Amino acid sequence: MNVVVLLGAPGAGKGTQAPLLAARLGIPVVATGDIFRAAVRDGTPLGMEARRYMDAGQLVPDEITVKLLLDRLARPDAAAGVILDGFPRTGVQAQALDKALAERGQAVSAAVLVDVPADELERRMSGRWICRASGHPYHETFSPPKSAGVCDLDGSDLYQRADDRPETIRARLDQQLGALTEVIDHYRASGVIASVDGLQGIDAVGAAIDVALSEHGVAPLAGQVS
Ligand SMILES: [Zn+2]
């Protein structure tokens, strides 16, 4: 089975590529958030354990997350493989995943990095404004209002949430890139990193991902439209 890890900073376009890649490879995207929700909904023992941490506002421990992931990998729709989105997020998690897969005679086939430079990520993540009346979203660069600071739809003021202010974004990005670099280094050391230029358009990034994956022996299933 193919275990593909999808890596990219927030704003790199990873979320756009995940379902497109899943369709081309004919394997599901597995996101830890969805796994947690499903396990809690189904009331499985692991789900109940995960829920205790989530209810307490704590992170679910890595060993529980890895067990939930392995359970998910054992489901019929994942027989040909999975695309992991959102896990691992740290070097320690990457090691835990490797160990758990190795116990089953499996391994990460490829770790695809949608690579976008930090200053471009900052540009994409910043510049968000929303209107006071209805929360209509705008972006300084990508979808500016017709007149600065005013909502096109209802004429109310635009403001920036604390989360969207430049200083908050820079601090968050530094933190996330630090963890991402750990994960990239881990997979580079094990020879499975497949880096693609994330500055291209959506289709070009997708095509680059396919080329990078084929170099690691991951190709669309026979009969799948690519
Ligand atoms: Zn508005």
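Residues numbered from 1 in each chain as written. Predicted model: local features only at pLDDT ≥ 70, side-chain atom pairs only at ≥ 80, totals over all residues. Heavy atoms only, no water.

1. Details of the packing of aromatic side chains
Move 1: Counting across every chain of the model gives zero aromatic pairs.
Move 2: Above the face of the Y159 ring, R132 is positioned so that its terminal group lies 4.4 Å from the ring centre. (Phe/Tyr/Trp six-rings, centres within 6.5 Å; stacked < 30°, edge-to-face > 60°. Lys NZ or Arg CZ within 6 Å of the ring centre and 35° of its normal.)

2. Considering the environment of D34
Move 1: By the element assignment, D34 lies in helix α2 (residues 32-42).
Move 2: Within the structure, the side chain of D34 is placed 2.8 Å from the side chain of R37, a separation counted as a polar contact. (Helix = DSSP H or I, 4+ residues; strand = E, 2+ residues; numbered from the N terminus. Polar contact = N/O pair within 3.5 Å; in protein donor to acceptor, adjacent residues only side chain to side chain.)

3. Things to note about the sheet that holds strand β4 (residues 110-115)
Move 1: Taken together, five strands build an open sheet; the order of strands is β2-β3-β1-β4-β8 and the sheet is parallel. The open sheet has two free edges, formed respectively by β2 (29-31) and β8 (193-197), since each of these has just one partner strand. On average, each strand axis in the sheet is inclined to that of its neighbour by 25 degrees, with strand direction left out of account.
Move 2: Two strands pair when backbone bridges link them, and strand β1 (residues 2-7) and strand β3 (residues 81-85) are joined in this way by five bridges, in the parallel orientation. Counterpart to V3 in the pairing with β3 is V82.
Move 3: Packed on one face of the sheet, α2 meets β2 and β3 and runs near 70 degrees to β2. (Pairing = 2+ DSSP bridges. Axes fitted to C-alpha atoms, helices over the stretch in contact; angles between N-to-C directions. Contact = heavy atoms within 4.5 Å.)

4. Considerations on the coordination of the zinc ion
Move 1: Only C131 (SG), H136 (ND1), C151 (SG) and D154 (OD) from the protein coordinate the zinc ion, and they sit 2.1 to 2.3 Å from it.
Move 2: All donor residues of the zinc ion come from one chain, and their arrangement in sequence is C-x4-H-x14-C-x2-D. One end of the pair, H136, is in the loop between β5 (128-131) and β6 (137-139); the other, D154, is in the loop between β6 and β7 (158-159), and 18 residues separate them in sequence.
Move 3: Note on D154: relative accessible area 33%, which makes it partly exposed. (Donors = N, O, S within 2.8 Å, 3.2 Å for Na, K, Ca; no water. Buried < 20%, exposed > 50% of the residue type's maximum accessible area, 1.4 Å probe, protein only.)

5. Here we look at the nonpolar core
Move 1: With 58 residues, the main nonpolar core has L7, Y187 and L213 as its most contacted residues.
Move 2: Ignoring anything within four residues of it in the chain, the contact list for L7 reads K14, P88, A111, V112, L113, V114, L180, V183, I184, Y187 and I193. (Core = buried A, V, L, I, M, F, W, Y, C linked by side-chain atoms within 4.5 Å.)

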